[in-house]
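Structural characterization, general
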Amino acid sequence: MPAATRADARRNRALVLQAARFAFAERGLEVPLDEIARRAGVGAGTVYRHFPSKEVLFRAAVRDRLRLFADTAGDLAEADDPGGVFFRFLASVVRLSVPDRAVCEALEAAGEPGPVPSAEGSAGPELEFLPALGVLLARAQQAGAVRVDVDLADVRTLLIGCLAMERRRSVGPGPVGADAGAGAGADAEPGAAPVGRMTALMLDGLRADRTVTELPVAGPIRDETRCAVCGAALAAARTGRPARYCGGACRQKAHRARRTAPPDRR
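Conventions and cut-offs
Residues numbered from 1 in each chain as written. Predicted model: local features only at pLDDT ≥ 70, side-chain atom pairs only at ≥ 80, totals over all residues. Heavy atoms only, no water. Helix = DSSP H or I, 4+ residues; strand = E, 2+ residues; numbered from the N terminus. Contact = heavy atoms within 4.5 Å. Areas by Shrake-Rupley, 256 points an atom, 1.4 Å probe, with all protein chains shown as cover. 1 Å grid on protein atoms, 1.4 Å probe; cavity = no way out; pocket = protein on both sides within 12 Å on 5 of 7 lines; lining within 4 Å. Points joined across faces, edges and corners; volume = space filled by probe spheres on them. Nonpolar A, V, L, I, M, F, W, Y, C, P; charged D, E, K, R; others polar. Core = buried A, V, L, I, M, F, W, Y, C linked by side-chain atoms within 4.5 Å. Buried < 20%, exposed > 50% of the residue type's maximum accessible area, 1.4 Å probe, protein only. Disulfide = S-S within 2.5 Å. Salt bridge = Lys/Arg side-chain N within 4 Å of Asp/Glu carboxyl O. Axes fitted to C-alpha atoms, helices over the stretch in contact; angles between N-to-C directions. Parallel < 35°, antiparallel > 145°, perpendicular 65-115°, else oblique. Phe/Tyr/Trp six-rings, centres within 6.5 Å; stacked < 30°, edge-to-face > 60°. Lys NZ or Arg CZ within 6 Å of the ring centre and 35° of its normal. Left-handed = near helix turned anticlockwise from the far one by under 90°.

Details of the overall build of the protein chain
Of the regular secondary structure elements, the protein chain holds 10 helices and 0 strands. Across the protein chain, helices and strands are ordered from the amino to the carboxyl terminus as α-α-α-α-α-α-α-α-α-α. Relative to all contacts within the protein chain whose residues are 6 or more apart in sequence, the contacts with residues 24 or more apart total 62%. Surface exposure of the protein chain reaches about 15400 Å², of which carbon and sulfur atoms provide 53%.

Right, here's the structure in full:
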């Protein structure tokens, strides 16, 4: 094969892989190969020459991120403070994965029973990630930081559920799917929960001492009014004067407080 032809083949493969990373991050495995070919500016035949199936292309697209997770966990296996290392690593995996639907789907598939599809015929980094996470879990349990009645399968299930909840909450009301995009949380609607609340709840469920973490809260919404008693957000009034209280209980509580307050403070 002439050198120019080999160079064109390498360039086309790189274009397909780059387009696939963005497309899979936005829509996961549901994106058609024709769409990836269109984004890459090549024909569908070019995509199939380099990647014989969508699953093979998907694995190639997410391999670098999953390899980073597996290698990082391996590097931390002998680090000091095993408990802190485990919790920070798990939180980082969630934070880095939430914007990327492809990585979330790959982590969900990791450890599932059945044959492992691999163009290279060996286990991919998504399977290497789990044993590396298991080492961090065992060390954290030995250090007394993580409850001893959970195993790697429990942590994997919690991680998958946490990823799904963080993605859903970070985009606010509405369906999570193709329209959610890769930027989960980047353009969150008013009222969307900040990324991190579900992660904090997950980590607290794993702690041996059941320490409660203060949850991240959403920033105030412009022109938002809150109950003068309990601070709950109030629905905008359609007509008339804006509401001051969230309900009858807070209204009565405020009335009693005014009746018992000194005259100069009423």
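As for empty space enclosed by the protein
Rolled over the atoms, a probe as big as a water molecule pinpoints where empty space is left. Enumeration according to the criterion identifies 1 cavity of 30 Å³ or more in this entry. Around the largest cavity, the lining residues are Leu107, Ala110, Phe129, Leu130, Leu133, Arg156, Leu159 and Ile160. Going through the elements one at a time, α7 (125-142) and α8 (152-170) are the ones with two or more residues in the lining of the largest cavity. Split into classes, the residues belonging to the lining of the largest cavity amount to 7 nonpolar, no polar and 1 charged.

Description of the nonpolar core
As a rule of thumb, soluble globular proteins bury nonpolar side chains together. Ranked by internal contacts, the top residues of the largest apolar core, which has 54 residues, are Phe24, Ile36, Leu57, Phe86, Leu90 and Phe129. Here the element with the most residues in this core is helix α4 (residues 54-75); it accounts for 9 residues.

Some thoughts on the state of the cysteines
Tallied over the entire structure, the rule returns 0 disulfides. Of all cysteine sulfurs in the structure, the one in Cys162 sits closest to Cys104, which takes part in no disulfide; the separation is 9.8 Å. Residue classification places Cys162 among the buried positions, given a relative accessible area of 1%.

Thoughts on the pattern of salt bridges
Charged atoms that come close allow side chains of opposite charge to pair. Enumeration over the complete set of coordinates arrives at 11 salt bridges. Salt-bridge contacts for Glu105 lead to Arg101; the nearest nitrogen and oxygen are separated by 3.2 Å. Here the residue Glu105 and the residue Arg101 both occupy positions in helix α6 (residues 101-109), the gap between them amounting to 4 residues, near one helical turn. By relative accessible area, Glu105 is classed as partly exposed at 23%. What makes Arg101 buried here is its relative accessible area of 15%. The partner of Asp149 in a salt bridge is Arg147, and the shortest N-O contact between them spans 2.8 Å. Look at Asp149 and you get exposed, because its relative accessible area is 52%.

Things to note about the environment of Asn12
Its location among the elements puts Asn12 in helix α1 (residues 3-27). For the pair Asn12 and His50, spaced 38 residues apart in sequence, the C-alpha to C-alpha distance is 8.7 Å.

Regarding the packing of α4 against α6
Two elements in contact, α4 and α6, have axes separated by 10 Å at closest approach and are oriented at 80 degrees. If you check the angle between α4 and α6, you find them roughly perpendicular. Only Ala102, Val103, Glu105, Ala106 and Leu107 of α6 make contact with α4, whose side of the interface consists of Phe58, Val62, Arg65, Leu66 and Phe69.

Some thoughts on unusual backbone geometry
The phi angle at Asp81 is positive, at roughly 55 degrees, despite the residue not being glycine. The residue Asp81 is located in the loop between α4 and α5 (82-97) in this model. Accessibility expressed as a relative area gives 44% for Asp81, which makes it partly exposed.

Describing the packing of aromatic side chains
Within the structure shown, the criterion is met by 4 aromatic pairs. Centre to centre, the rings of Phe89 and Phe129 are 6.2 Å apart; their planes meet at 35 degrees, and the pair counts as tilted. Remark: Phe129 occurs in helix α7 and Phe89 occurs in helix α5; sequence separation between them is 40 residues. The buried category is assigned to Phe89, whose relative accessible area is 5%. Arg207 extends its terminal NZ or CZ atom over the ring of Phe87, reaching a point 4.3 Å from the ring centre.

Regarding the packing of α5 against helix α9 (residues 197-206)
Viewed as axis vectors pointing N to C, α5 and α9 meet at an angle of 150 degrees, and their least axial separation amounts to 11 Å. Judged by the angle between their axes, α5 and α9 are roughly antiparallel. When the axes of α5 and α9 are compared, the crossing they make is right-handed. Each of Phe86, Phe87, Leu90, Ala91 and Val94 in α5 lies in contact with α9, whose residues at this interface are Thr199, Met202, Leu203 and Leu206. Classifying every residue of the contact of α5 with α9 gives 8 nonpolar, 1 polar and no charged.

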